[in-house]
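Listed below, chain by chain, are the residues.
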Amino acid sequence: MSEPTEGSVRQESRNWLEANWDPDLSLVEWRNRLVDSGWGAPTWPVAWHGRGLSDPLGRVVEAEMDRIGAVGVARTGIRNLAAATILVHGTDMHKEKFLRRILTGEDTWCQLFSEPGCGSDLAGATTRADFRGNKWIVNGQKVWTTSAHHAQYGLLLARTDWDAPKHQGLSFFIIDIEQPGVDVQPLRQMNGHASFNQVFFTDAEIAPEFILSETGNGWAVATTTLMHERRGADSLRRYAKASNRPGRVYEEEAAEIAIQLEPYKWYPQRAGRVDLVIERAKATGAFDDPAVRQEIAKLLTLSRAAEWTARRARAMQDRGGPQGPEGSLGKLAASNVARMAARVHTLIAGADAMLAGPDGALDGVIAEVLVSVPAVSIAGGTDEIQKNIISERVLKMPKEPRSDTKGPFRDVPRNTVG
Ligand SMILES: Cc1cc2nc3c(=O)[nH]c(=O)nc-3n(C[C@H](O)[C@H](O)[C@H](O)COP(=O)(O)OP(=O)(O)OC[C@H]3O[C@@H](n4cnc5c(N)ncnc54)[C@H](O)[C@@H]3O)c2cc1C
């Protein structure tokens, strides 16, 4: 068979879409049709609902979908991380059971990594999974779990061996969230939303075939998930574009996106909302003040530089290159943009920036931006952790001294809560 080219992919996907796209189907009916064709996830392997195309050719298919107005497979939320992790580490049974329903959007996932005593230092997890009888029994607590209240399944990092060194006693599981013994409790943030949760496990069960790593080798699998998390925010923005067009598929997709993107509403670029800065400056007349214009110019320069760095990284990956330091640099830049935007907003809006609701600047949007900005510096690895990565991996500075990576985990001093 001849190698696919840009032209052949464009023509073939266009023909298929013209014969099959139907906005009056239900979202799940349409996505099943799309998944069967392989055009929904064109860069995935042929054996698993894809066509094995390169990223640039995948984008040719996306452009054809956009051209005809077709809705794509489900791409929002932690399900992307789940799919990426299962594709690399899952057995055929995992792929069979989970991948199609991730693409059709029928199952939603959450990431059960962080705990009250370990976030940056994820390998310090103390949620335990013990093999008893013929299954794994899970006990412990996770925190900051995005969308656990909508999720059917979770990616769980748990300790299975307390006598092995820290990174070697963890295992990676797929856990059914909707079972007795899993208690999901919402956490209300200072911006008023409750997108995150604490999740408590009390003798929750996992059948032996739902371990995704070898026993004790969960850290390697978690690394795959984390690598995709750094790339994730970008794809979220690219794929989540609900339209107001009439048709059952569009309506059902808009409802799905509203639920899935709720936690990401104020994520990096949105928390920054550089566009709102200019809008507000013009509306209040502050734009005429050269000192304000100077601050806006600095903000725009920083945000444009961050955007171009992200594009350069994407272009490099399109050429088959590895993920470079841009992941950490981009994350750090996004925090800086968000913080600076908050400062310039306050400069322009004055005391109105503090008021929530219709009395505040831009109907309270600025106040909400201000209280949402700190999350950007924490989620997906804090600014300090990104700086450590940059100093060690990019600048090749000496690694932080560690006293906790050798010897049995049970002897390692660790954070205690309560
Ligand atoms: C919006 C949001 C969504 C999230 N979603 C999820 C989710 O879905 N699933 C999930 O598992 N987790 C999630 N998290 C948790 C997130 O990954 C952790 O909060 C984050 O990794 C930081 O961990 P921590 O809160 O335990 O802080 P800690 O690790 O305790 O850090 C406290 C402070 O110490 C600093 N610090 C720690 N270690 C070092 C070091 N070696 N060098 C220098 N400074 C250091 C940190 O930078 C920070 O300022 C989410 C968090 C947020 C804010």
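Keep in mind it's a predicted model, so treat the numbers as computed, not measured.

Quick look at the packing of aromatic side chains
Line of reasoning, step 1. One pass over the full model with this rule turns up 12 aromatic pairs.
Line of reasoning, step 2. Ring centres of Phe-98 and Phe-210 lie 6.1 Å apart, and the angle between their planes is 65°; on these two criteria the pair is classed as edge-to-face. Remark: Phe-210 occurs in the loop between β7 (196–206) and α6 (218–239) and Phe-98 occurs in helix α5 (residues 92–104); sequence separation between them is 112 residues.
Line of reasoning, step 3. Overall, the relative accessible area of 16% leaves Phe-210 in the buried class.
Line of reasoning, step 4. Site record: aromatic cluster; members linked through ring pairs are Trp-16, Trp-21, Trp-30 and Tyr-250.
Line of reasoning, step 5. Lying over the aromatic face of Trp-39, Arg-51 brings its terminal NZ or CZ to 3.8 Å of the ring centre.

Observations regarding the environment of Leu-212
Line of reasoning, step 1. With respect to the secondary-structure elements, Leu-212 resides in the loop between β7 and α6.
Line of reasoning, step 2. It is 31 Å that separates the C-alpha atoms of Leu-212 and Pro-401, two residues lying 189 residues apart in sequence.
Line of reasoning, step 3. In this structure Leu-212 touches Thr-85, Ile-86, His-89, Gly-90, His-94, Phe-172, Phe-173, Ile-174 and Val-221, once residues within four positions along its chain are discounted.

Let's talk about the packing of helix α1 (residues 6–20) against helix α2 (residues 27–37)
Line of reasoning, step 1. Running from amino to carboxyl end, α1 crosses α2 at an angle of 150°, the nearest separation of the two axes being 12 Å. Relative to α2, the element α1 lies roughly antiparallel. In this structure, the crossing between α1 and α2 has a hand that is right-handed. Along its contact with α1, which presents Trp-16, Leu-17 and Asn-20, the element α2 presents Trp-30, Arg-33, Leu-34 and Ser-37.

A closer look at the environment of Arg-100
Line of reasoning, step 1. Along the chain, Arg-100 falls in helix α5.
Line of reasoning, step 2. In this structure Arg-100 comes out as partly exposed when scored by relative accessible area, which is 25%.
Line of reasoning, step 3. With 69 residues separating them along the chain, Arg-100 and Arg-31 place their C-alpha atoms 9.4 Å apart.
Line of reasoning, step 4. Here Arg-100 is in contact with Asn-32, Val-35, Asp-36, His-49 and Lys-95, once residues within four sequence places are set aside.
Line of reasoning, step 5. A polar contact is formed between the side chain of Arg-100 and the side chain of Asn-32, at a distance of 2.6 Å.

Brief notes about the nonpolar core
Line of reasoning, step 1. Formed by 66 residues in total, the largest nonpolar core has its most connected members in Trp-30, Trp-109, Leu-156, Ile-175 and Phe-201.
Line of reasoning, step 2. Not counting residues within four places of it along the chain, the set of residues in contact with Trp-109 comprises Ile-78, Arg-79, Ala-82, Ile-86, Phe-98, Ile-102, Ala-151, Tyr-153, Gly-154, Leu-155 and Ile-174.
Line of reasoning, step 3. Val-277, Ala-341, Val-344 and Ile-348 belong to the second-largest nonpolar core, a separate cluster that totals 12 residues.

What about the site of the ligand?
Line of reasoning, step 1. Looking at the ligand, there are 19 residues lining it, with Ser-114, Ser-120, Trp-144, Thr-382 and Glu-384 nearest.
Line of reasoning, step 2. In this structure, a nitrogen atom belonging to the ligand sits 3.0 Å away from a main-chain N or O atom of Trp-144.
Line of reasoning, step 3. Considered on its own, the ligand offers 980 Å² of accessible surface; in the complex 70% of this is hidden by protein.
Line of reasoning, step 4. In terms of residue count, the dominant contributor to the shell around the ligand is helix α13 (residues 383–394) (three residues).
Line of reasoning, step 5. Looking at side-chain class alone, the shell around the ligand contains nine nonpolar, eight polar and two charged residues.

Examining the pattern of salt bridges
Line of reasoning, step 1. Going through the model one piece at a time under the given rule, you end up with 24 salt bridges.
Line of reasoning, step 2. Across the salt bridge formed by Lys-399 and Glu-392, the nearest N and O atoms sit 4.0 Å from each other.
Line of reasoning, step 3. On the basis of relative accessible area, Lys-399 is assigned to the exposed category, the value being 66%.
Line of reasoning, step 4. Via salt bridges that share partners, Glu-6, Arg-10, Arg-14, Glu-18, Glu-64 and Arg-67 belong to a single interconnected network.

Thresholds applied
- Residues numbered from 1 in each chain as written.
- Predicted model: local features only at pLDDT ≥ 70, side-chain atom pairs only at ≥ 80, totals over all residues.
- Heavy atoms only, no water.
- Phe/Tyr/Trp six-rings, centres within 6.5 Å; stacked < 30°, edge-to-face > 60°.
- Helix = DSSP H or I, 4+ residues; strand = E, 2+ residues; numbered from the N terminus.
- Buried < 20%, exposed > 50% of the residue type's maximum accessible area, 1.4 Å probe, protein only.
- Lys NZ or Arg CZ within 6 Å of the ring centre and 35° of its normal.
- Contact = heavy atoms within 4.5 Å.
- Axes fitted to C-alpha atoms, helices over the stretch in contact; angles between N-to-C directions.
- Parallel < 35°, antiparallel > 145°, perpendicular 65-115°, else oblique.
- Left-handed = near helix turned anticlockwise from the far one by under 90°.
- Polar contact = N/O pair within 3.5 Å; in protein donor to acceptor, adjacent residues only side chain to side chain.
- Core = buried A, V, L, I, M, F, W, Y, C linked by side-chain atoms within 4.5 Å.
- Near = heavy atom within 4 Å.
- Areas by Shrake-Rupley, 256 points an atom, 1.4 Å probe, with all protein chains shown as cover.
- Nonpolar A, V, L, I, M, F, W, Y, C, P; charged D, E, K, R; others polar.
- Salt bridge = Lys/Arg side-chain N within 4 Å of Asp/Glu carboxyl O.

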